[in-house]
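# Summary of structural features
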Amino acid sequence: FRETQQPKLVGQRYRLAPVSAGPRRAFHPKIHFIASERRVHATVGSANITHPGLTNNREIATVFTIEASESDETSGDEGDSDALGTRREIAAVCRDIAAFFRQLVSSSHGRSIDPVTARTIERTLDAGDWLTDIDGPSTDRRSARFLHNLDEPLLSQATDLIAGRGEEVQRVDVAAPFYGTSLAI
């Protein structure tokens, strides 16, 4: 869809894929992944896929959009250009998000997803397979990452990434409208 057009049926019709997180656990990610043979659009944020969530609620999100290019299959000496670096970052994050969905569907958490919905998810992910033609940034130069906790807690992943770069946490900012009586991190 064009940026100026409202997507039709968003918040009105979509497949529900129930995911079991286990007893006393919640599963409530807000990850939207839309893929075609020419474009991938991914959003990670707080918005539910409802009309208010996608139109007039106050939400926070990071959006990644990338279009396929004829030159993706070849990586020339242009590896240091800012635009190419950004493109590689976005492709890497979108691949991470697609890998998360693939892992989720095949994991024990995804057992409750019906076969028709699982195939729809797979077709959507397959449409973005061209992302693998784009070289990723070197691991030590990545500035954006998509983390999930299907295998490991988020906090340990974040601290490992920070320590791996030889850095220390100096400050933590939290944007949360809901919190308990303690403001401790």
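Residues numbered from 1 in each chain as written. Predicted model: local features only at pLDDT ≥ 70, side-chain atom pairs only at ≥ 80, totals over all residues. Heavy atoms only, no water.

## Some words on the packing of aromatic side chains
Selection criterion: Put simply, two rings from Phe, Tyr or Trp (the six-membered ring, in Trp's case) pair if the centres are within 6.5 Å, and we call them stacked under 30 degrees between planes, edge-to-face over 60, tilted for the rest. Secondary structure elements are taken from DSSP: a helix is a run of H or I of four residues or more, a strand is a run of E of two residues or more, and numbering for both begins at the N terminus. Exposure categories follow from relative accessible area, calculated using a 1.4 Å probe and restricted to protein chains: below 20% of the type maximum is buried, above 50% is exposed, and the middle band is partly exposed.
Tallying each qualifying case throughout the model produces 3 aromatic pairs. Measuring from centroid to centroid gives 5.6 Å for Phe100 and Phe146, while their planes differ by 65 degrees, and the two rings are edge-to-face. Placement of the pair is Phe100 in helix H2 (residues 82-106) and Phe146 in the loop between helix H3 (115-127) and helix H4 (154-164), with a sequence separation of 46 residues. What makes Phe100 buried here is its relative accessible area of 5%. Looking at Phe146, the relative accessible area reads 12%, which means it is buried. What links up through ring pairs into an aromatic cluster is the set Phe33, Phe100, Phe101 and Phe146.

## Quick notes on the sheet that holds strand S2 (residues 39-45)
Under the convention used in this document: In this analysis, strands are considered paired if DSSP registers two or more bridges between them. Working convention: axes come from line fits to C-alpha atoms, limited for helices to the stretch in contact. Angles between N-to-C directions cover 0 to 180 degrees. Contact criterion: two residues are considered in contact whenever any of their non-hydrogen atoms come within 4.5 Å of each other.
Within the open sheet, the 3 strands sit side by side as S1-S2-S3. Their pairing is antiparallel. Edge positions in the sheet fall to strand S1 (31-35) and strand S3 (61-67), since each has one partner strand and no second. Neighbour-to-neighbour, the strand axes of the sheet open up by a mean angle of 5 degrees, direction not taken into account. Relative to S2, S1 runs antiparallel, the two being bridged by 5 bridges. Pairing of Ile34 across the sheet is with His41, part of S2. Most of the contacts of H2 go to S3, to which it runs at about 105 degrees, and overall it touches S1, S2 and S3.

## Here's the deal with the environment of Arg58
Tracing the chain through its elements places Arg58 in the loop between helix H1 (51-54) and S3. The exposure class of Arg58 is exposed, given its relative accessible area of 83%. Sequence separation between Arg58 and Ser46 is 12 residues, and the spatial gap between their C-alpha atoms is 9.0 Å.

## Observations regarding the confidence of the model for the protein
Note the threshold: A residue's pLDDT is the predictor's confidence in that residue, given on a scale from 0 to 100.
Of all residues in the protein, 81% attain a pLDDT of 70 or more, and the chain-wide mean is 81. When the criterion is pLDDT under 50, residues 73-80 qualifies, and its contacts beyond four places in sequence or with other chains add up to 7 contacts.

## Some words on the nonpolar core
Heads up, the rule is: Side-chain atoms within 4.5 Å link the members of a nonpolar core, which is a set of buried Ala, Val, Leu, Ile, Met, Phe, Trp, Tyr and Cys residues.
By size, the foremost hydrophobic cluster in this structure holds 28 residues, and its most contacted members are Phe33, Val40, Ile66, Cys94, Ile97 and Leu131. If you tally residues by element for this core, the top one is H2, at 10 residues. Setting aside residues no more than four positions away along its own chain, Phe33 makes contact with Val40, His41, Ala42, Cys94, Ile97, Ala98, Phe101, Thr124 and Leu125.

## Topic: a nonpolar patch on the surface
To keep it simple, the criterion reads: Patches here are clusters of residues that have more than 30% relative accessible area and form no salt bridge, with a 9 Å joining cutoff for like charges and a 5 Å cutoff for nonpolar side chains (Val, Leu, Ile, Met, Phe, Trp, Tyr). Areas reported as accessible are Shrake-Rupley estimates using a 1.4 Å probe. Residue values count occlusion only from the protein chains shown. One speaks of a salt bridge when a side-chain nitrogen belonging to Lys or Arg is within 4 Å of a carboxyl oxygen belonging to Asp or Glu.
Judged by side-chain polarity, Leu147, Leu154 and Leu161 come together as a nonpolar surface patch covering roughly 210 Å² of accessible area. Inspection of the secondary structure assignment puts Leu154 in helix H4.

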